[in-house]
Amino acid sequence: MARPLVGVLALQGDVREHAHAVRASGAEFVAVRRESELSDVDGLVIPGGESTTISRLLDTFELLEPVRKRIADGLPVYGSCAGMILLATTVLGGRPDQHQLGGLDITVRRNAFGRQVDSFEEDLELTGVAGGPVRAVFIRAPWVESASSEVEVLGTVPDVPGAGPAAGRIVAVRQGATLATAFHPELTGDIRVHRLFVDMVRAAA
Ligand code: GLN
């Protein structure tokens, strides 16, 4: 499959930045707001934004069960930040009524890095991403508190000055065809994480 079709869930969040990274990574992009758009995609990105808002809009747009079903059926999916929260099976510090899409057998802590706008930035080595560290931008980001043995840890926060309680925390994971980062590679212009995802989409097709 030369250029797979990758959808970005376009209910709220940094859709445009993901669209750009998806296209630059060799895939076609489509904004997903309705079930008919979802049924065409070979892979799906859940963007950064606000997980409680995206959760509510999944109800409004009647996408919750369709997205859950496609993920359960093995659709490759990548979530950044709020997207990671939505893909996790368990959320700490979430709203009790916020929905989970499933796909990742992890417990995430919401707003773990604090609530400030520009929380933390650091260079991280990521398993599966060659060519040196990735600049990780954390914005009111979650971290992974625990992960099942089915989950591959791709990256953790290094123990650097300023990392504080984030040092050693898991911030990038993969489970089967599901990929998630607590940070926002779509904001840096470095498309290597998106390329990894597009490779996963091609491999699954
Ligand atoms: N704190 C947000 C949430 O709970 C995530 C922030 C982000 O995506 N940058 O959804």
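What counts and how
Residues numbered from 1 in each chain as written. Predicted model: local features only at pLDDT ≥ 70, side-chain atom pairs only at ≥ 80, totals over all residues. Heavy atoms only, no water. Helix = DSSP H or I, 4+ residues; strand = E, 2+ residues; numbered from the N terminus. Rg over C-alpha atoms; globule rule 2.2 N^0.38 Å. Buried < 20%, exposed > 50% of the residue type's maximum accessible area, 1.4 Å probe, protein only. Contact = heavy atoms within 4.5 Å. Lys, Arg positive; Asp, Glu negative; His and termini not counted. Charge placed at Lys NZ, Arg CZ, Asp CG, Glu CD. Pairing = 2+ DSSP bridges. Near = heavy atom within 4 Å. Nonpolar A, V, L, I, M, F, W, Y, C, P; charged D, E, K, R; others polar. Salt bridge = Lys/Arg side-chain N within 4 Å of Asp/Glu carboxyl O. Phe/Tyr/Trp six-rings, centres within 6.5 Å; stacked < 30°, edge-to-face > 60°.

Q: So what exactly am I meant to see when it comes to the overall build of the protein chain here?
A: Across its full length, the protein chain holds six helices and twelve strands. Against the globule reference of 17 Å for 205 residues, the protein chain gives a C-alpha radius of gyration of 15 Å, in line with a compact fold. On the principal axes, the C-alpha backbone points of the protein chain span a range of 45 × 40 × 30 Å. Within the span of the protein chain, comprising 205 residues, buried residues form 54% of the whole. Counting only contacts in the protein chain whose residues sit at least 6 apart along the sequence, the fraction spanning at least 24 positions is 66%. Computed over 20 positive and 26 negative side-chain charges, the separation of the two mean positions in the protein chain equals 3 Å.

Q: I'm lost on the pairing of strand S11 (residues 170-175) in this one. Help?
A: Working note: regular strand, side chains alternate between the two faces of the sheet. Counting buried residues in S11 gives five out of six residues, a clear majority hidden from the surface. Where S11 meets strand S12 (residues 178-181), four bridges bridge the pair, whose relative direction is antiparallel. When the sheet's bridge partners are listed, glutamine 175 is paired in S12 with threonine 178. Count of turn residues in the S11/S12 antiparallel hairpin: two residues, of which glycine 176 carries a positive phi of about 60°.

Q: Help me understand the site of the ligand in this model?
A: Surrounding the ligand, one finds Gly48, Gly49, Glu50, Ser51, Cys81, Ala82, Ile85, Arg110, Asn111, Ile139, Arg140 and His184. Residue classes in the shell around the ligand are distributed as four nonpolar, five polar and three charged.

Q: Could you clarify how one ought to interpret helix H3 (residues 51-60) in this entry?
A: What sets the pattern is the α-helix's 3.6 residues per turn: residues three or four places apart point alike. In terms of burial, H3 is largely enclosed, as seven of its ten residues are buried. Looking at the buried residues of H3, the elements they touch are strand S1 (5-9), helix H4 (64-72) and helix H5 (82-87). Glutamate 62 sits one or two positions beyond H3 and adopts a positive phi of about 55°.

Q: Looking at this structure, I do not really get the pattern of salt bridges. What am I missing?
A: A pair can form between side chains of opposite charge whenever their charged atoms are brought close. On inspection of all chains with the given rule, the structure shows twelve salt bridges. Arginine 95 serves as the salt-bridge partner of aspartate 97, at 2.8 Å between the closest nitrogen and oxygen. Overall, the relative accessible area of 46% leaves aspartate 97 in the partly exposed class. The exposure class of arginine 95 is partly exposed, given its relative accessible area of 47%. Among the charged side chains, a salt-bridge network with shared partners connects Glu50, Arg110 and Arg140.

Q: Would you explain the packing of aromatic side chains in this entry?
A: Aromatic rings in a pair are described by how distant their centres are and how their planes are angled relative to each other. By the definition in use, this model includes six aromatic pairs. Measuring from centroid to centroid gives 5.7 Å for phenylalanine 138 and phenylalanine 183, while their planes differ by 75°, and the two rings are edge-to-face. Taken together, the residues phenylalanine 138 in strand S8 (residues 134-138) and phenylalanine 183 in the loop between S12 and helix H6 (192-204) connect sequence positions 45 residues apart. For the pair phenylalanine 138 and phenylalanine 183, one class covers both residues: buried. Feature note: the residues Phe113, Phe120, Phe138, Trp143 and Phe183 constitute an aromatic cluster, connected by ring pairs.

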